[in-house]
Structure formats: structure tokens, C-alpha cells
Amino acid sequence: MITMDLLAINFSLGLEKLLLIGAIITFSLIVAMYTTYAERKVAAWMQDRRGPNRAGPFGLLQPAADGLKLFFKEEIIPLTSNKTLFVLGPALAMITAMLTSAVIPWGSSIELFGRNISLQIADVNIGILYVFGVVSMGVYGIMIGGWSSNNKFSLIAAVRGASQIISYELAMGLSLIALLMMTGSLSLKTIVQQQMEGGWNIIYQPLGFLIFLICVFAECNRTPFDLPEAENELNFGYHQEYSSMKLGLYLFAEYVNMFISSAVVSTLFFGGYDIPFVDETALSLSLGANTVALLGFAALFAKILFFLFLFIWVRWTIPRFRYDQLMDLGWKKLIPLALANMLITAVVILWLNK
Amino acid sequence: MHINEILFWFLTALALFSAMMVVFSKNPVHSVLWLIVVFMAITGHYIIMNAQFLAIVNMIVYAGAIMVLFLFVIMFMNLNAESEPQKSKWMKFAAVLSGGSLMLILIAALKDNGGFISSMRGEGSIGLIKNLGKVLFTDYVVPFEISSILFLSAMVGAVVLGKKDSSTIVS
Amino acid sequence: MASLTNRAKVLEQKPMSFMERLYLPAIFKGMAITFSHMFKKKATINYPEEKRPFSPVFRGLHVLNRDEEGRENCTACGLCAVACPAEAITMEAAERKTSEEHLYREEKYAAKYEINMLRCIFCGLCEEACPKDAIYMSETFAPSNFTRKGFIYAKDELLIPNPVTDKEKYEIAKGLREAQLKNK
């Protein structure tokens, strides 16, 4: 079993996995950094402005400048806050944001130093459920941060965030069940491999994709679902009392979350590291397996970039929901739709197998 | 010592320690958070037993959903130490008695089942999603469905309780 | 309630149709609009590198003028101070000595001439009041300062560069002025 392999530590395997984890974490942090830059640039363009262009060429050093600024800010812990939890909150937010990346297949495997290295940290047979588990842990970052700040706005935001995430997790899970009935596997790697052979899941599950996407927006606390951090209603919500890099971690966790969710969406519905319109096995004969693996990673990255752009695009287009509208959409629209989608998929599968 | 054993003892110690902290911490929010740590430790135990599905469901349902709701309610409570109602002596005595007898039963049950525990530390595969699904939908399909109906009725009951009486709103 | 005028529009509030209730078409339409804006001309100007041209009637910082020989035009007649609605201009007159003929054009000159840029409303009435073409308004504005005192501009800040000793700078200032006059 895979977990057994992981636990029965094999030194070179351990080293390989550690390096991979390091690489993926660094990579997601860098991407998250530049997503903040992209957010500001795209927002500016959509509003006929220019965006940051002072730090470095085209403002490319802006994220570094922002990060440095946050590091040099004074660290304030409110006197009446719960100190341990106040520090724990942002750490939890960041950790849960990063943890999901463990089960995403970032590419097929590459051959290096005579070893076949899989570009996935852990191919657990419950990959998707793991993602759900970690996402459901993500609430605690918000809740603990909001509560320990000892501030009414933070508390309201924390409660809003928690109830929103719980509500949309349901619809998210239900929308995926239809997909899982088709694939018959919970392992993300298997799902990608099936898509390489039988076409992307978006073709078979457009409604499921739509519901999933909406729920992903809600889980990431992005506009139109950014009620927990509604700046004009709640003074920035659960991270109101935070300053310096603790605030930075919260803000950054949002972008890491966006990156990872984009990766999950591309993996589940858009073929993951599948290069569109190309037969990978034929290509690997002519180009070599390593090149194809890298190309596959590039394909996945392109898909992720598209979704990151979508996140930003939607944010600068749609205004925020009212709270009752949010709950209405989650419970009364998306869950019934997801259930209907599930039923239809089940009927079609049974009918085709008859 | 095998790595599994080290992990097992570590997780056990963690689970026991945080379970103690659940009881001993003064702040209810801290209690809930320690309880989450207990659940995480138990999730770790499940993984060691190669019951990945159970592990992750334990994490999603208990640590992820139920504890969030607990936290939710507790955060809204007035947590001033002065306003905490003092329980009567008889109440405390009854609590100790019932808790103690439960512990007695648990110890007795575990004492007889020494073999069971050691077998669970092996490489069983009942916790994997495939086997679990097969068992649930063949051997135990009737209890499974009955329990789901029970949940449904609980849900309906919650909605009925939560719904305001329309006549009171009008008046 | 009866309306006071008959111009009131009655808002029609009919329930939304199915397509409207789906929201998605409207969302896509909105997204198309924002996307198209990405390629539109930017309204922002990269300020220090690019500068927006001033309008021909722009009235900026005051300049005290000199003639071609570098003599100050101002005779301290006080008309500008009288004309100033914000009372921003103060001056002290002095009589020219024989040795100072190369400095001042006429027998009387301004020994002290101050404009308080915090009071000034840049109306340009001083420029119009001046009979000697001694004060005019340039195409720059008063830079920021840390103190209120810093906004009281004395003669050394207001005078145009001397055409005899500092020809280059004078030409630049003069050129700007001519362009300004031509525009008017």
C-alpha cells in the first residue's frame, strides 16, 4: 500500500519526496506572489489604469517590495486578544493552504539519475477526499484568527466565513460525486489518466464543473463570496487586528489557496497534465519521456494560469453577495442542482452499461 | 523499533494528552481546539491501520464539520468566568460516578480484547474505500439505509424546530 | 401621495424572467465588458516621464521679469498688491542709487517683494494689473514644502534668471513665456 511505503522510510525515496515537497512549496509561493502582482495589474487594466510599474521593469519587483514592507511593519498583538491563538490563526491558514498540494499530480514521472520520480508527492487512493479534509480544516484559520482578535467585526467575519465554507463544501462534494461515479476512482492520478484516454471531464460534466467552480470561489473567499473580509462592511473582517507578516500570511494564504484550487479544478475537469490534442505516448517516443513530462507540467501550468486569471477577472467584474443571497444560492440552488446532476449522471451511466 | 510503532506511540501520547487538556482547560474554546487535536491524532491512528477512508472521513466529518459547529456556538457564548454557573455537589458526584463506571467498562472491554488491538496494527484493508463500500452495500445494506433514514428524520426535525411558527409572526 | 410634478417615472417592477434569474448570462456579459476594457487606452499618464500639456490659459507660479539688459522691471507701484483679492502680495519700495542703474530699470524698485503661495488663488489679476510687464504667471506650480514659511516666496525665488550673467536659464524661461503668450 502506498501509505505503508511512505511510512517504511526508504532513504532515497524520502530525500526525493522532501525535494519534491520543497520544490512544490517554493513554486506555489512564487506563483502566489506573482498572483498578487497579476491581480493588481489586471484590476488596473480592467479599470483603464496601468497598475504597479515603479518597482523594477513593469513593476515586476512589486510583490517583493510588498513582502518586505509587511516584514518591516510593527507587529502588534492586541492586549485583550488570546495570544497563542492569535499567532496560531495565520499559521493554520497558511499550512492548510499548502497541504492540499500534496495529492495533486503535477505531471507524469521523470527519469533522473536512474530513478523514476513521480511528480506527485503522494498518490493516495482517496486523493479528492484528502483535498476535502484539508479544505475543511481551512476554516479554523479564519475562525481562530477572528475569535482570538477579541473584536466584534473579526468575530462576525469569522462566523460568516465558517458558515459560508461549511455550506459550500456540501455543494462542492455533491457536485464531485457525479464525477466520481464516472471515473470510479478517488485518486487524482487515475482521474487524470482516464481523461488522457477518454477526453476531459468538462465535456461530460459541464454542470458539475460549474457548481464546483462556484464552490471553489466560495471556499477561497473570493469575490463575489468575499463576505468574511468585506472591507466596507467589516473593516477587512477576520484579519482586522493583524499587522505585519501575520496579516501577510492571511493575505498570502488566499492566493496560495487560489493557486491550489486552480490546480485541483484543472486536474479534475481539464485533464491535469494532459497536453490537449496530443497523444503523449507517441510523443514520448520521439521526444523522450522527460521532455513530455515537462511539457505536461507546462500544460497543467497554463490551465492553472487561466483559472487564476478567471479568479481575478471575476473579482473585478461582480459585486459582493448579500449574506442571505449567499446562503440562498448555496443551500437552495447549488445543492439541489448538484443532486439533480448526480441523479442524471447515475441514470446515464446505468443506461449505457445496460 | 519499527517506524509504525514510533508513530503509534507518539499519536497515542498526543491523543491522550490532548484529551486530558480538553477536560482541564478553563477556556471552552481551548477545549474544542484540543478536541480537534484528539481527532487529528485518531486520524493518524487510522492511517497507521491502513484505513485511509475512515481516516479522512474522521477528519472531514468530526474535525472539519462537527467541531466547527461546536466552535461556532462556543464563540457566541459569554465566556466570563464569573457568570459560569456553579454545579451542585450532588451533580458533581453523579458525574464522577457515571464517568468512572464508563471508564471501568472500557478498561474491562479492552482487557479482554488484547488480541484485537494487535491485529488492528497490521495491514488490514477493511478501512480502504473499496472494501468498506462493498461491505456497507452488501452485508450491511439494511442497517446502512435505516441509519440514513434516521439522519433524514433528524434533519426534518431540525428544520421543524428551527422554523418559526407563522402564526406568531403575524400576531 | 400625489406627485408635485408629472415628471415622475413609475418604476416597473416585474418579476425576473427565467433567463434573468439564472444570472449567468448577465455575469458573462459583465465579464465581457471588463475583458474588453483590458485593451482600451489607459487614462493614466506615467507622471514624471510623461507630462500632461498645460492648457494655454494656465496660471502657475509667478515670475518677476527683467528686461534684456538684466534690469528688474518692477517699480514697486503696488498695483498688483491692490489688485490681489487674496492679499498675498507684500512689497517694500526703495529708491535706486546711481550705482544701481544696471540693476533696476526705473528710479524706484521693490526692495522686498513677497508672495504667499498659500494665500494666492492664482487668479492672474496681478499679471493684468501690472503696467510694467514686471510680473507674469509661468507654467509651473508651487512644489510642496514642509513648513508654512517655505511657501512665502521672496524675490530670489520669483525673479527670472539674469539674461546677462545666466543667459541659458533666461532663454529657457523666456522661451516658455513666449510660447505661453503665443497661445494666448
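Note that the coordinates shown come from a computational prediction; the quantities given were computed from them, not determined experimentally.

Quick notes on the overall build of chain B
Then comes step 1: Tallying secondary structure elements over chain B gives eight helices and zero strands in all.
Then comes step 2: Expressed as a percentage of its 171 residues, the buried residues of chain B come to 23%.
Then comes step 3: In chain B, the proportion of contacts linking residues at least 24 apart, taken out of those at least 6 apart, comes to 56%.
Then comes step 4: Counting every atom, chain B has about 12,300 Å² of accessible surface; 75% of that belongs to carbon and sulfur.

A closer look at the overall build of chain C
Then comes step 1: Within chain C, the regular secondary structure consists of six helices and five strands.
Then comes step 2: Counting from the amino terminus, helix and strand elements in chain C follow one another as α-α-β-α-β-β-α-β-β-α-α.
Then comes step 3: At 28 Å, chain C has a C-alpha radius of gyration far larger than the 16 Å of a compact globule built from 184 residues.
Then comes step 4: In terms of principal-axis extent, the alpha carbons of chain C reach across some 95 × 45 × 35 Å.
Then comes step 5: Counting only residues that meet the buried cut, chain C has 33% of its 184 residues in that class.
Then comes step 6: Long-range pairs, those at least 24 residues apart, make up 72% of the contacts in chain C between residues at least 6 apart in sequence.
Then comes step 7: A total accessible area of about 13,300 Å² is found for chain C, and carbon and sulfur atoms account for 58% of it.
Then comes step 8: Counting 29 positive and 26 negative side-chain charges, chain C places the centres of these two groups 11 Å from one another.

Some words on helix α14 (residues 323-353) of chain A
Residues that lie three or four places apart on an α-helix share one face, since the helix turns once every 3.6 residues.
Residues and elements named next belong to chain A.
Then comes step 1: For α14, which comprises 31 residues, the first-to-last C-alpha distance of 44 Å matches the rise-based estimate of 45 Å (1.5 Å per residue) to within 8%.
Then comes step 2: At Leu334, α14 shows its strongest bend, of approximately 30 degrees, with the proline Pro336 following within four residues.
Then comes step 3: Among the residues of α14, those classed as buried are Leu326, Met327, Leu329, Gly330, Leu334, Ile335, Ala338, Asn341 and Thr345.
Then comes step 4: The secondary structure elements touched by the buried residues of α14 are α6 (152-183) and α9 (206-219).

Considerations on the interface of chain B and chain A
Then comes step 1: Taken residue by residue, the interface counts 30 residues in chain B and 28 residues in chain A.
Then comes step 2: Carbon and sulfur atoms make up 79% of the surface buried where chain B meets chain A, a total of about 2,600 Å² over both sides.
Then comes step 3: Where chain B touches chain A, the interface holds zero salt bridges.
Then comes step 4: Within the residue set of the side of chain B that touches chain A, elements represented by two or more residues are α1 (3-24), α2 (28-48) and α3 (52-76) of chain B.
Then comes step 5: Looking at the side of chain B that touches chain A residue by residue, the class counts come to 23 nonpolar, six polar and one charged.

Some thoughts on the interface of chain C and chain A
Then comes step 1: Contact residues are listed per partner, giving 18 residues for chain C and 15 residues for chain A.
Then comes step 2: Where chain C meets chain A, there are one salt bridge.
Then comes step 3: Note that Glu49 of chain C and Arg54 of chain A form a salt bridge whose closest N and O atoms lie 3.1 Å from each other.
Then comes step 4: Joining chain C to chain A, the criterion identifies eight residue pairs in polar contact (both at pLDDT 80 or more).
Then comes step 5: Considering only residue class, the side of chain C that touches chain A consists of eight nonpolar, five polar and five charged.

Quick word on the sheet that holds strand β3 (residues 108-116) of chain C
Residues and elements named next belong to chain C.
Then comes step 1: With antiparallel pairing, the three strands of this open sheet are ordered in space as β2-β3-β5. Lying at the two open borders of the sheet, with one neighbouring strand each, are β2 (89-95) and β5 (152-153).
Then comes step 2: The sheet contact formed by β2 and β3 spans seven bridges and is antiparallel. Within the sheet, the bridge partner assigned to Ile89 lies in β3 and is Ile115.

Description of the pattern of salt bridges
Proximity of charged atoms lets side chains of opposite charge pair with each other.
Residue and element names in this part refer to chain A.
Then comes step 1: Applying the stated criterion to the full structure yields 16 salt bridges over all chains.
Then comes step 2: The closest approach of N and O atoms between Lys246 and Glu75, which form a salt bridge, is 2.7 Å. Residue Lys246 is located in helix α11 (residues 244-269), and its partner Glu75 is located in the loop between α3 (62-72) and α4 (83-99); the two are separated by 171 residues in the primary sequence.
Then comes step 3: Accessibility expressed as a relative area gives 8% for Lys246, which makes it buried.
Then comes step 4: Of the residues examined, Glu75 reaches a relative accessible area of 46% and is grouped as partly exposed.
Then comes step 5: In this structure, Lys333 and Asp328 form a salt bridge, with 3.4 Å as the shortest nitrogen-oxygen distance.
Then comes step 6: By sharing partners, the salt bridges in this structure join Glu39, Arg222, Glu254 and Arg315 into a single network.

Here's the deal with the nonpolar core
Then comes step 1: Ranked by internal contacts, the top residues of the largest apolar core, which has 121 residues, are Trp106, Ile128, Tyr168, Phe212, Leu268 and Phe269 of chain A.
Then comes step 2: Broken down by element, the residue count for this core peaks at 14 residues, all from α11 of chain A.
Then comes step 3: Excluding residues that lie within four positions of it along the chain, Phe269 of chain A makes contacts with Leu176, Leu179, Gln195, Trp200, Asn201, Ile202, Gln205, Gly208, Phe209 and Phe212 of chain A.
Then comes step 4: In this structure, Leu61, Ala76, Ile135 and Phe151 of chain C belong to the second largest nonpolar core, which totals 22 residues.

Considerations on the packing of aromatic side chains
Residues and elements named next belong to chain A.
Then comes step 1: For the structure shown, the criterion picks out 28 aromatic pairs over all chains.
Then comes step 2: Centroid distance Phe209 to Phe307: 6.2 Å. Interplanar angle 65 degrees. Geometry classified as edge-to-face. Of this pair, Phe209 sits in helix α9 while Phe307 sits in helix α13 (residues 289-315), and the two are 98 residues apart along the sequence.

Some words on the packing of helix α2 (residues 11-46) of chain A against α13 of chain A
All names here are of chain A.
Then comes step 1: Contact geometry of α2 with α13 gives a least axis separation of 10 Å together with a crossing angle of 45 degrees. For the element pair α2 / α13, the angle class is oblique. Judged by the twist between their axes, the crossing of α2 over α13 is right-handed. Each of Phe27, Val31, Thr35, Ala38, Glu39, Val42 and Met46 in α2 lies in contact with α13, whose residues at this interface are Phe297, Phe301, Leu308, Phe309, Ile312, Trp313 and Arg315.
Then comes step 2: For the contact of α2 with α13, the residue count by class is 11 nonpolar, one polar and two charged.

As for α9 of chain A
All names here are of chain A.
Then comes step 1: With 14 residues, α9 should cover 20 Å at 1.5 Å per step; its first-to-last C-alpha distance of 20 Å lies within 8% of that length.
Then comes step 2: The buried count for α9 comes to 11 of 14 residues, which makes it a mostly enclosed element.
Then comes step 3: Taken as a whole, α9 has its buried residues at Gly208, Phe209, Ile211, Phe212, Leu213, Ile214, Cys215, Val216, Phe217, Ala218 and Glu219.
Then comes step 4: Buried residues along α9 sit in contact with α5 (127-148), α6, α8 (201-204), α11, α13 and α14.
Then comes step 5: With its phi angle positive at about 55 degrees, Asn221 sits one or two positions after the end of α9.

Section: the domain arrangement of chain B
Then comes step 1: Along its sequence, chain B is carved into domain 1 (1-81) and domain 2 (128-165).
Then comes step 2: Spacing between the C-alpha centres of domain 1 of chain B and domain 2 of chain B amounts to 24 Å.

A look at the packing of α5 of chain A against α3 of chain B
Then comes step 1: Running from amino to carboxyl end, α5 of chain A crosses α3 of chain B at an angle of 20 degrees, the nearest separation of the two axes being 9 Å. Between α5 of chain A and α3 of chain B, the interaxial angle falls into the category roughly parallel. The two elements α5 of chain A and α3 of chain B cross, and the hand of that crossing is left-handed. Across from Leu129, Tyr130, Phe132, Gly133, Val134, Ser136, Met137, Val139, Tyr140, Met143, Ile144 and Trp147 of chain A in α5 of chain A, the residues of α3 of chain B making contact are Phe53, Ile56, Met59, Ile60, Ala63, Gly64, Met67, Val68, Leu71, Phe72 and Met75 of chain B.
Then comes step 2: Class assignment for the residues of the contact of α5 of chain A with α3 of chain B results in 20 nonpolar, three polar and no charged.

Here is what the cut-offs are and how they apply
Every chain's residues receive numbers from 1 upward, in the order its sequence appears when written. Note on labels: chains are lettered from A, ligands numbered from 1, in written order. The predicted origin of the model limits local features to residues at a pLDDT of at least 70 and limits the giving and counting of side-chain atom pairs to 80 or more, whereas totals for whole chains, interfaces and linings rest on all residues. Calculation of side-chain values draws on the structure's entire complement of heavy atoms; hydrogens and water are dropped beforehand. Helix and strand labels come from DSSP, where a helix needs a run of H or I of at least four residues and a strand needs a run of E of at least two; each type is numbered from the N terminus. When a residue's accessible area, from a 1.4 Å probe over protein chains only, is under 20% of the maximum for its type it is buried; when over 50% it is exposed; and in between it is partly exposed. Every residue pair with non-hydrogen atoms within 4.5 Å of one another is taken to be in contact. The protein chains shown are the only cover counted for residues, whose accessible areas, like all others here, come from Shrake-Rupley with a 1.4 Å probe. Each radius of gyration reported is based on C-alpha atoms, and the globular scaling rule is 2.2 Å times the count of residues to the power 0.38. His residues and chain termini do not enter the charge count, which takes Lys and Arg as positive and Asp and Glu as negative. Here the site of a charge means NZ on Lys, CZ on Arg, CG on Asp, or CD on Glu. In this scheme, a helix's expected span is set at 1.5 Å multiplied by one less than its residue total. The seven residues ending at a residue and the seven starting there each receive a fitted axis; the angle between those axes is the bend at that residue. Buried area is understood as the total, over both parts, of accessible area removed when two parts are fitted together, assessed with a 1.4 Å probe. Between Lys or Arg on one side and Asp or Glu on the other, a salt bridge is scored when a side-chain nitrogen of the former is within 4 Å of a carboxyl oxygen of the latter. Three classes are used: nonpolar for Ala, Val, Leu, Ile, Met, Phe, Trp, Tyr, Cys and Pro, charged for Asp, Glu, Lys and Arg, and polar for all others, with Gly counted as polar. Definition of a polar contact: a pair of N or O atoms within 3.5 Å, with one able to donate and the other able to accept a hydrogen when the atoms are protein atoms, and with sequence-neighbouring residues admitted only if both atoms are side-chain atoms. Strand pairing is defined by DSSP finding a minimum of two bridges between the two strands. What makes a nonpolar core is a set of buried Ala, Val, Leu, Ile, Met, Phe, Trp, Tyr and Cys residues whose side-chain atoms join them at distances within 4.5 Å. Only the six-membered ring of Trp is used, alongside the rings of Phe and Tyr, when aromatic pairs are assigned; centres must lie within 6.5 Å, and planes under 30 degrees apart are stacked while those over 60 apart are edge-to-face, with the rest tilted. Angles shown run from 0 to 180 degrees and are taken between the N-to-C directions of axes, each axis being a line fitted to C-alpha atoms and, for helices, limited to the stretch in contact. Geometric relationships in this document are graded by angle, where less than 35 degrees denotes roughly parallel, more than 145 denotes roughly antiparallel, 65 to 115 denotes roughly perpendicular, and other angles denote oblique. Left-handed describes a crossing in which the near helix is turned anticlockwise from the far one by less than a right angle; the clockwise case is right-handed. Just so you know, the domain bounds were taken from an automatic or database domain assignment.

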